[in-house]
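The lines below spell out each chain.
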There are 2 protein chains.
Amino acid sequence: MKQSQMLIPTLKEDPADAEIQSHKLLTRAGYIRQIAAGIYSFLPIGQRVLRKVEAIVREEMEKVGAHEMMMPALEPSELWKETGRWTTFGSELMRLHDRNDREFALGATHEEVITSLVRHEVKSYKQLPLTVFQIQNKFRDEARPRFGLLRGREFLMKDAYSFNESYESLDETYQKMFDAYSNIFRRLGLNFRAVIADSGAMGGKDTHEFMVLSEVGEDVIAYSDTSRYAANIEMAPVVATYEKTAEEPRAMEKIETPGQKTMQQVADYLGHGLEQGLKAILFQVDEEFVLVVTRGDHEVNDVKLKNLFDADIVELASEEDTKRLLGAGFGSLGPVAVGEEVRVVADHAVNALVNVSCGANEEGYHYTNVTPGQDFEVEEYADLRFIKEGDPSPDGEGTIKFARGIEVGHVFKLGEFYSERMNATFLNDQGKANTMIMGSYGIGVSRTLAAIVEQYHDERGITWPANVAPYQVHLLSMNPKKEDQKELADQLYDTLLEAGIEVLYDDRKERAGVKFADSDLFGIPVRVTVGKRASEGIVEVKERTTGEQNELSHDEIVGYVKNWYSA
Amino acid sequence: MKQSQMLIPTLKEDPADAEIQSHKLLTRAGYIRQIAAGIYSFLPIGQRVLRKVEAIVREEMEKVGAHEMMMPALEPSELWKETGRWTTFGSELMRLHDRNDREFALGATHEEVITSLVRHEVKSYKQLPLTVFQIQNKFRDEARPRFGLLRGREFLMKDAYSFNESYESLDETYQKMFDAYSNIFRRLGLNFRAVIADSGAMGGKDTHEFMVLSEVGEDVIAYSDTSRYAANIEMAPVVATYEKTAEEPRAMEKIETPGQKTMQQVADYLGHGLEQGLKAILFQVDEEFVLVVTRGDHEVNDVKLKNLFDADIVELASEEDTKRLLGAGFGSLGPVAVGEEVRVVADHAVNALVNVSCGANEEGYHYTNVTPGQDFEVEEYADLRFIKEGDPSPDGEGTIKFARGIEVGHVFKLGEFYSERMNATFLNDQGKANTMIMGSYGIGVSRTLAAIVEQYHDERGITWPANVAPYQVHLLSMNPKKEDQKELADQLYDTLLEAGIEVLYDDRKERAGVKFADSDLFGIPVRVTVGKRASEGIVEVKERTTGEQNELSHDEIVGYVKNWYSA
């Protein structure tokens, strides 16, 4: 394509509101333009990349037997009311009325629509399992749209839905989709992890998020440095490997600790490490009050606490309740001599401690030489803390490291959540009506594009991986006013096109400096420059990523490019 | 693809609300399902056809240098207010508020968004001409959605926009797009006409609608039986070829015509043909009253009347005004002795008449032996009537016939309508700011799919043209319980796939009758049936459209299919 005829407006300055590289570079290089907060147009080269990502997603979906279809963006509110999500989805769901005042949701996701379709059209186990997918714009009214394509309000998504006759069958479909997702993100050149995630309110069993590792990610992942293990930090179990010291328990002492509030202050004051203190926090777990005790250097994981009590709601007790129940406020709490109204649980690590310190439930005082079992009782020891960097990996291989991640995909065992509420049943091989077992599987296509840029850029611009670059070759004529340069460049352009190579041809009458800067910004992997040696038939070839450059004869170019892309 | 694993729900009965074949057949054959009035899901085989139509559209757009991009469906109301269309588009435009109460239009069309983008990004004549397109779902809240995909509320559309520096340049772009559209509809196998259309309120100069000829079309086209001339009937000029008879004008007579109201009644009563009477109708044209006189067998074309007076509004005068100004009501009007308040114009055909009849502007009376020039004066003769079947074609070739058409495409010279209101200017080669000259070009992609079915079906189902069939081959195993049939069919399926042929494989355990009926309904061009002669390696091949069938050896099938599709 000739650049002079294309809408690729490049900018010298970063957009004022852009905080991250993908937002800055995609805007500056003319891939996207913002229309309103969180709403973007994809300009022609942006659209090309989007379609390449789409094509890879589509291919891998088809390989695992998912069939493409297309549901509308206008979703009747009646369907959302059947599952209760008309209310629970909240203000992220965009809504509108038609001219007859009928209410619609603007497609944020399509579980309701597909379940409504399948319940009408699928009657027998013979028609199962069934997996369908679509690629279309989705709408979510984010409270704070930001980070360009990473958190938008209208975005391109691939969503897939599976219907199975049993949980075993769902497991198979889930595994296929999991593998397809791994292939997709691998083919896109991404450094990612499939992360064990929280199934949240959906009540599903398994769920994995596919996270692209990136400092700008909004989620923290705990992963093994040697295996493929990875989990959202709140989901990673801690392997209990605490050994009790041989130290003899001493007699507990009460010590004045005036003005020492934080764990660190107290530890410093008492002259020991953080791990020699006990942290005690009072929670309200549904209707009960629970004092949770951990080692001073550990953090309470409220998801684990919630799971331990199978609770609906877990929150910090108020300072008022804390004073009433324990006699002191935050910063002075401890497990010694706690009344009957408060249950005491502790993390496994606490069980291995001897002669440590803790709050005395009295402002300005702490105990030292406290030993569990001797000085206080614990109702139950459990895994109640967040995993830490350096902990052994839960799968037994390697140690845990932390990284930030951008969620680009999500696979989810929905189970019967939707099918039960919407009465999607089938007749099994005994002629009995059973509820369908569902899964859902999403990929943020436009978000993935941004995630690629987060991993593939340098100080001069984008450095696309080969599979998704908008063009394969960026052809530059350094000075199109010189006849020999223009002629050779024109000829090379035709030759490359004839060879089936995707070329962007910078035929503009711009200074060489502008052209090179734009070229680096665009990030097309191979650049071919027709310059001073045009009359000899010699052109320069440069790799965008490595910066490696060579002079080649013009008739070697097609071979070079084909070879480069097949390598 | 194996049919047993796909969502292709066929129906025996037509949907209750389906009035036309495309709606009936696409629903019954499992291509589409309605979600709400005018809102459809495309099931997997429907989506395949849609993508094939899309691919052809995309190819032809790219050939003429249009670049694909993607604008959002959420369009800020501010942009629509700039052009005034926030008001004038009316209730077809779907609207919504975001969580901050900001108003958006749901993309019905994208002139405002693209103009807003281009005015920011394009500064110089060097960047023009520029043509972009996108393929995406559009939203229009039709008052009466009906006819399935023909008049929906959410539908797939290709829209393109061009920006030029001059009207001459626009003419070139327009012609390229016109040719691309012709190629697209030709490749889709459609019998269509490019029809001169009314540019309506847009003030544009040229506009053509691409109409697929079909009895169910909502528009009437006048076309030449021997040339490519076609126009919306209100747009077709009438070539004046009326010859005056040699008859001598006689003296006008006033005749009682009690109870004779219509032209036909009067003609019968007076014993002459319709063409021997004058029709006179009083119009209000802006602020003036105009009596329009045509031959009795002709119809007044109000678009032509409007153009003659360069008027904004043309409507029938009220019966009250008519009585006040002419002394009689509808059915008794004529051009004789009309007062000064009323202007009299007539169609060219009237000028050739001698000794005809007309209303006497008095209830129950007509004049006979009326001759223009002698008995009444005409201010201006002009082309004021609708063209009729049998009239000479305006291009001088052949005679006019009428047909009904489905509008599938529209090319439009917008001129400065949007760019002026939105201040989209560029610097010309003199450094002077000029307003951009725009064009817009639409294709209803999902509507086109329905139009294809209207032209390609028979009493048993759809008969897809080769280019857009969801699959190339429908492979049926007549009785998959018989080992030899199943084995040969499985093997053929693999062989066809390996040869790169798109196959739908009916591997279901259904009766042969059901499979054949479904196959006819789907309309895949070539059917291969593995039946009784499987053990001999013999299969049956049948063409869907002609019904022609042959027995072939299984190893001839790939060659047969490749040959069939390259023919």
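Residues numbered from 1 in each chain as written. Chains lettered and ligands numbered in written order. Predicted model: local features only at pLDDT ≥ 70, side-chain atom pairs only at ≥ 80, totals over all residues. Heavy atoms only, no water.

A.B. asks: Sorry, what's going on with empty space enclosed by the protein here?
C.D. replies: To locate leftover empty space, one rolls a probe as large as a water molecule over the atoms. Tallied over the entire structure, the rule returns 5 cavities of 30 Å³ or more. Residue lining of the largest cavity: 38 residues in total, with Ile135(A), Gln136(A), Asn137(A), Leu156(A) and Met70(B) positioned closest to the centre. Residue assignment for the lining of the largest cavity shows that the elements contributing at least two residues are β2 (39–42), α2 (44–63), β7 (130–139) and β8 (154–164) of chain A together with α2 (44–63), β7 (130–139) and β8 (154–164) of chain B. Broken down by class, the residue content of the lining of the largest cavity amounts to 19 nonpolar, 9 polar and 10 charged. Counted as a void, the second largest cavity has a volume near 120 Å³. Considering the residues around the second largest cavity, the lining is formed by 15 residues, among which Tyr40(B), Phe42(B), Asn137(B), Glu154(B) and Phe155(B) are closest to the centre. Those elements that place two or more of their residues in the lining of the second largest cavity are β2 (39–42) and β8 of chain B. A per-element tally of the lining of the second largest cavity places β8(B) first, with 3 residues. Classifying every residue of the lining of the second largest cavity gives 9 nonpolar, 5 polar and 1 charged. (1 Å grid on protein atoms, 1.4 Å probe; cavity = no way out; pocket = protein on both sides within 12 Å on 5 of 7 lines; lining within 4 Å. Points joined across faces, edges and corners; volume = space filled by probe spheres on them. Helix = DSSP H or I, 4+ residues; strand = E, 2+ residues; numbered from the N terminus. Nonpolar A, V, L, I, M, F, W, Y, C, P; charged D, E, K, R; others polar.)

A.B. asks: Help me out: how do you make sense of the domain arrangement of chain A in this one?
C.D. replies: Interface size, as often reported, equals the accessible area lost upon joining of the parts. Residue and element names in this part refer to chain A. Its domain assignment divides chain A into domain 1 (3–69 + 111–205 + 406–453), domain 2 (253–382) and domain 3 (471–566). One C-alpha centre belongs to domain 1, the other to domain 3; they are set 36 Å apart. With 13 residues of domain 1 at the contact, the number on the domain 3 side is 11 residues. Across the domain 1/domain 3 interface, buried area totals approximately 1,100 Å², and carbon plus sulfur atoms make up 52% of it. Among the residues of domain 1 in contact with domain 3, Gln 3, Thr 10 and Arg 48 are the three that bury the most area, contributing 48% of the side total. (Domains from an automatic or database assignment. Contact = heavy atoms within 4.5 Å. Buried area = accessible area lost by both parts, 1.4 Å probe.)

A.B. asks: Can you walk me through the pairing of strand β18 (residues 356–359) of chain B in this structure?
C.D. replies: A regular strand carries its side chains on alternate faces of the sheet. Residue and element names in this part refer to chain B. Relative to strand β19 (residues 365–370), β18 runs antiparallel, the two being bridged by 3 bridges. Counted as the bridge partner of Gly 359 is His 366 from β19. The loop that links β18 with its antiparallel partner β19 comprises 5 residues; one of these, Asn 361, has a positive phi angle of about 55°. (Pairing = 2+ DSSP bridges.)

A.B. asks: Help me out: how do you make sense of the relation of the copies chain B and chain A in this one?
C.D. replies: Note that the two copies of the chain are related through a rotation about an axis and a translation along the same axis. Once turned by 180° and shifted 0.0 Å along the axis, chain B lies on chain A with an RMSD of 0.2 Å. On this basis, the relationship between the two copies can be described by a two-fold rotation axis. Of the C-alpha atoms belonging to chain B, the one lying closest to the rotation axis is found on Leu96(B), 2.6 Å away. Of the residues that chain B buries at the interface, 100% are likewise interface residues in chain A, meaning the two copies contact each other through the same surface. (Least-squares fit on C-alpha atoms with pLDDT ≥ 70 in both.)

A.B. asks: So what exactly am I meant to see when it comes to the interface of chain B and chain A here?
C.D. replies: On the side of chain A, 50 residues touch chain B, which itself brings 50 residues to the contact. Summed over both sides, the interface of chain B with chain A buries roughly 4,800 Å², with 62% coming from carbon and sulfur. If you sort the residues of chain B by the area they bury against chain A, Leu7(B), His67(B) and Arg99(B) come out on top, with a joint share of 14%. Our count for the chain B to chain A interface comes out at 4 salt bridges. Residues Arg153(A) and Asp98(B) are paired through a salt bridge, measuring 2.9 Å at the closest nitrogen-oxygen approach. Along the contact surface separating chain B from chain A lie 18 residue pairs in polar contact (both at pLDDT 80 or more). Looking at the side of chain B that touches chain A residue by residue, the class counts come to 28 nonpolar, 7 polar and 15 charged. (Salt bridge = Lys/Arg side-chain N within 4 Å of Asp/Glu carboxyl O. Polar contact = N/O pair within 3.5 Å; in protein donor to acceptor, adjacent residues only side chain to side chain.)

A.B. asks: I tried to follow the side chain of Asn361(B) on my own but got confused; where do I start?
C.D. replies: All names here are of chain B. Relative to the elements of secondary structure, Asn 361 occurs in the loop between β18 and β19. Of the polar contacts made by the side chain of Asn 361, one reaches the backbone oxygen of Val 336; its length is 3.5 Å. Setting aside its immediate chain neighbours within four residues, Asn 361 contacts Leu 326, Gly 327, Ala 328, Ser 332, Leu 333, Gly 334, Val 336 and Val 338.

A.B. asks: What exactly am I supposed to notice about the nonpolar core here?
C.D. replies: General note: in soluble globular proteins, nonpolar side chains tend to be found buried as a group. Judged by nonpolar contacts, the single largest core of 68 residues is most densely connected at Leu74(A), Leu106(A), Ile114(A), Leu74(B), Leu106(B) and Ile114(B). Setting aside residues no more than four positions away along its own chain, Leu74(B) makes contact with Ile39(A), Met94(A), Leu106(A), Phe139(A), Glu154(A), Leu96(B), Phe104(B), Ala105(B) and Leu106(B). (Core = buried A, V, L, I, M, F, W, Y, C linked by side-chain atoms within 4.5 Å. Buried < 20%, exposed > 50% of the residue type's maximum accessible area, 1.4 Å probe, protein only.)

A.B. asks: Quick question: what am I supposed to make of the sheet that holds strand β16 (residues 314–316) of chain A here?
C.D. replies: Hydrogen bonds between backbone atoms are what pair the strands of a sheet, whose relative direction is either parallel or antiparallel. Residue and element names in this part refer to chain A. Taken together, the 5 strands give an open sheet; going across it, the order is β16-β14-β15-β17-β20, and neighbouring strands pair in mixed fashion. Across the chains shown, the open sheet's two edge strands, defined by having one partner strand only, are β16 and β20 (380–382). Between one strand axis and the next, the sheet turns by 35° as a mean value, whatever way the strands run. One ladder, built from 3 bridges, connects strand β17 (residues 342–347) with β20; its direction is parallel. Looking across to β20, one finds that Ala 346 is bridged to Tyr 381. In the packing of helix α8 (residues 302–309) onto the sheet, the strands contacted are β14 (278–285), β15 (288–295), β16, β17 and β20, and the crossing angle to β17 comes to about 120°. (Axes fitted to C-alpha atoms, helices over the stretch in contact; angles between N-to-C directions.)

A.B. asks: What exactly am I supposed to notice about the packing of aromatic side chains here?
C.D. replies: Any two aromatic rings considered together are summarised by their centre-to-centre distance and by the angle between their planes. Taken as a whole, this structure holds 24 aromatic pairs over all chains when the rule is applied. Their ring planes at 55° and their centres at 5.3 Å tell us that Phe178(B) and Phe210(B) sit as a pair that is tilted. In this pair, Phe178(B) is assigned in helix α6 (residues 167–187) and Phe210(B) in strand β10 (residues 207–213), connecting sequence segments 32 residues apart. Looking at Phe178(B), the relative accessible area reads 15%, which means it is buried. Each ring, one from Phe192(B) and one from Phe210(B), has its centre 6.2 Å from the other, and the planes form 35°; the classification is tilted. Taken together, the positions of Phe192(B) in strand β9 (residues 192–196) and Phe210(B) in strand β10 put the pair 18 residues apart, joining distant regions of the chain. Accessibility classification places Phe192(B) together with Phe210(B) in one group, the buried group. An aromatic cluster is built from Phe178(A), Tyr181(A), Phe185(A), Phe192(A) and Phe210(A), whose rings are joined through pairwise contacts. Lying across the ring of Tyr471(A), Arg48(A) places its NZ or CZ 3.9 Å from the centre. Between the NZ or CZ atom of Lys254(B) and the centre of the ring of Tyr365(B), over which it lies, the distance is 5.3 Å. (Phe/Tyr/Trp six-rings, centres within 6.5 Å; stacked < 30°, edge-to-face > 60°. Lys NZ or Arg CZ within 6 Å of the ring centre and 35° of its normal.)

A.B. asks: Would you mind going over helix α9 (residues 319–326) of chain B with me for this structure?
C.D. replies: The periodicity of an α-helix, 3.6 residues per turn, causes residues three or four places apart in sequence to face the same way. Residue and element names in this part refer to chain B. If you check which residues of α9 are buried, you get Asp 321, Thr 322, Leu 325 and Leu 326. Projected down its long axis, α9 carries its buried residues within an arc of 100°, all on one side. Among the exposed residues of α9, those oriented more than 90 degrees off its buried face are Glu 320 and Arg 324. Looking at the buried side of α9, the elements it contacts are β14 (278–285), β15 (288–295) and β17 (342–347). (Arc of directions from axis to C-beta.)

A.B. asks: Mind showing me how you'd approach the environment of Phe147(B) here?
C.D. replies: Residue and element names in this part refer to chain B. With respect to the helices and strands, Phe 147 occurs in the loop between β7 and β8. Overall, the relative accessible area of 10% leaves Phe 147 in the buried class. Those residues in contact with Phe 147, other than ones at most four positions away along the chain, are Glu 19, Ile 20, His 23 and Glu 218.

A.B. asks: I tried to follow the sheet that holds β17(B) on my own but got confused; where do I start?
C.D. replies: All names here are of chain B. A sheet is described by the order of its strands in space; here 5 strands give the open sequence β16-β14-β15-β17-β20, paired in mixed fashion. One side of each edge strand has no neighbouring strand; the edge strands of this open sheet are β16 (314–316) and β20 (380–382). Going across the sheet, the axis of each strand differs from the next one's by a mean of 35°, ignoring polarity.

A.B. asks: Looking at this structure, I do not really get helix α11 (residues 445–455) of chain B. What am I missing?
C.D. replies: Burial of α11(B) is extensive: 9 of the 11 residues sit out of reach of the surface. Listed as buried for α11(B) are Val445(B), Ser446(B), Thr448(B), Leu449(B), Ala450(B), Ala451(B), Ile452(B), Val453(B) and Glu454(B).

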